[in-house]
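Summary of the model geometry
Below are the chains, spelled out letter by letter.
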Amino acid sequence: MRIKDNLERIRAKLPSNVKLIAVSKTKPAEMLLEAYEAGQRLFGENYVQDLMSKQPDLPSDMIFHFIGHLQTNKVKYIAPFISCIQSVDSPKILKEINKQAAKNDRVIDCLLEFSIAENDSKFGFNLDEVQELLNSESYQSMQNIRICGVMGMGSFSDDTDRSRREYKKLKSIFDQLKKEYFASDASFKEISMGMSADYLIAIEEGSTMVRVGTDIFGDRNYKE
Ligand SMILES: *Cc1c(COP(=O)(O)O)cnc(C)c1O
């Protein structure tokens, strides 16, 4: 019941153009099923092993987005079924996703992850790196990926002004890329930003996809 209530409470606050990704990393399959039964279809996972152990037994119309840092040698495991990889943070990983998607005769949606956090940004591109990527012949020859937008993680802090600045920055990066590279590409439309602590701020700043874990499934327990 609790998961259903949480989902309903959150959905009531989301504008109709904003998608809710239920971030189920580290949570057991039963909890994902509970969310599914409450109508949730979009899920976000961070760890390949964890996802691989849950996915085979779950309903086939659950849609998974990969949102964690992805190692090149693990792309092959998720390529057969992953709907979107939000955490593309290097040309090398994009190339591998394209290759594995081709092997599976699929096109995999991707978001470009930008490092926007002012206090700690471990992973993600900056704008120059992405412009270089998008101008490269290597990118232009990729037939099995579709870049659908951008993703970013805000700082972990209670400083809402800082979160707002970070989200404004991601929105302006999106606008610039849209104008320069994707003006006539309708599938480049997603801005994935906002988590449990700040998704309403992210929506005010233009988010089209919020990634909410704790507010739906409760605190995570990392002893594994
Ligand atoms: C864990 C995680 C989230 C969800 O965080 P909560 O604070 O639990 O809502 C969102 N995005 C990414 C990339 C994450 O790793």
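Residues numbered from 1 in each chain as written. Predicted model: local features only at pLDDT ≥ 70, side-chain atom pairs only at ≥ 80, totals over all residues. Heavy atoms only, no water.

**Brief notes about the pattern of salt bridges**
Per the stated rule, a full pass over the model turns up twelve salt bridges. The closest approach of N and O atoms between Asp109 and Arg146, which form a salt bridge, is 2.9 Å. Of this pair, Asp109 sits in strand 5 (residues 108-114) while Arg146 sits in strand 6 (residues 145-152), and the two are 37 residues apart along the sequence. Arg146 gets classed as partly exposed once you look at its relative accessible area, which sits at 37%. Here Arg165 ties to Glu118 by a salt bridge, and the two come within 2.9 Å at their closest N and O atoms. Here Arg165 is found in helix 8 (residues 160-181), whereas its partner Glu118 is found in the loop between strand 5 and helix 6 (127-135), with 47 residues between them in sequence. With a relative accessible area of 44%, Arg165 lands in the partly exposed category. Among the ionic contacts, a cluster of salt bridges with common partners joins Arg164, Lys168, Glu204 and Glu205. (Salt bridge = Lys/Arg side-chain N within 4 Å of Asp/Glu carboxyl O. Helix = DSSP H or I, 4+ residues; strand = E, 2+ residues; numbered from the N terminus. Buried < 20%, exposed > 50% of the residue type's maximum accessible area, 1.4 Å probe, protein only.)

**Points about helix 1 (residues 2-11)**
For helix 1, the set of buried residues is Ile3, Asn6, Leu7 and Ile10. End-on view of helix 1: buried residues confined to an arc of 100°, all on one side of the axis. Among the structural elements, strand 1 (19-23), helix 2 (29-37), helix 9 (199-204), strand 8 (209-212) and helix 10 (214-217) are those in contact with the buried residues of helix 1. (Arc of directions from axis to C-beta. Contact = heavy atoms within 4.5 Å.)

**Here's the deal with the pairing of strand 6**
The element strand 6 is largely enclosed, with a buried count of seven among its eight residues. Bridge count for strand 5 against strand 6 is seven bridges, and the pairing is parallel. Bridged to Cys110 within strand 6 is Ile147. As judged from the three bridges shared by strand 6 and strand 7 (residues 190-192), these two strands associate in the parallel manner. When the bridges of strand 7 are listed, Gly149 appears paired with Glu190. Tracing the backbone out of strand 6, into helix 8 and back to the parallel element strand 7 gives a crossover that is right-handed. (Pairing = 2+ DSSP bridges. Right-handed = clockwise from strand over helix to strand, strands pointing away.)

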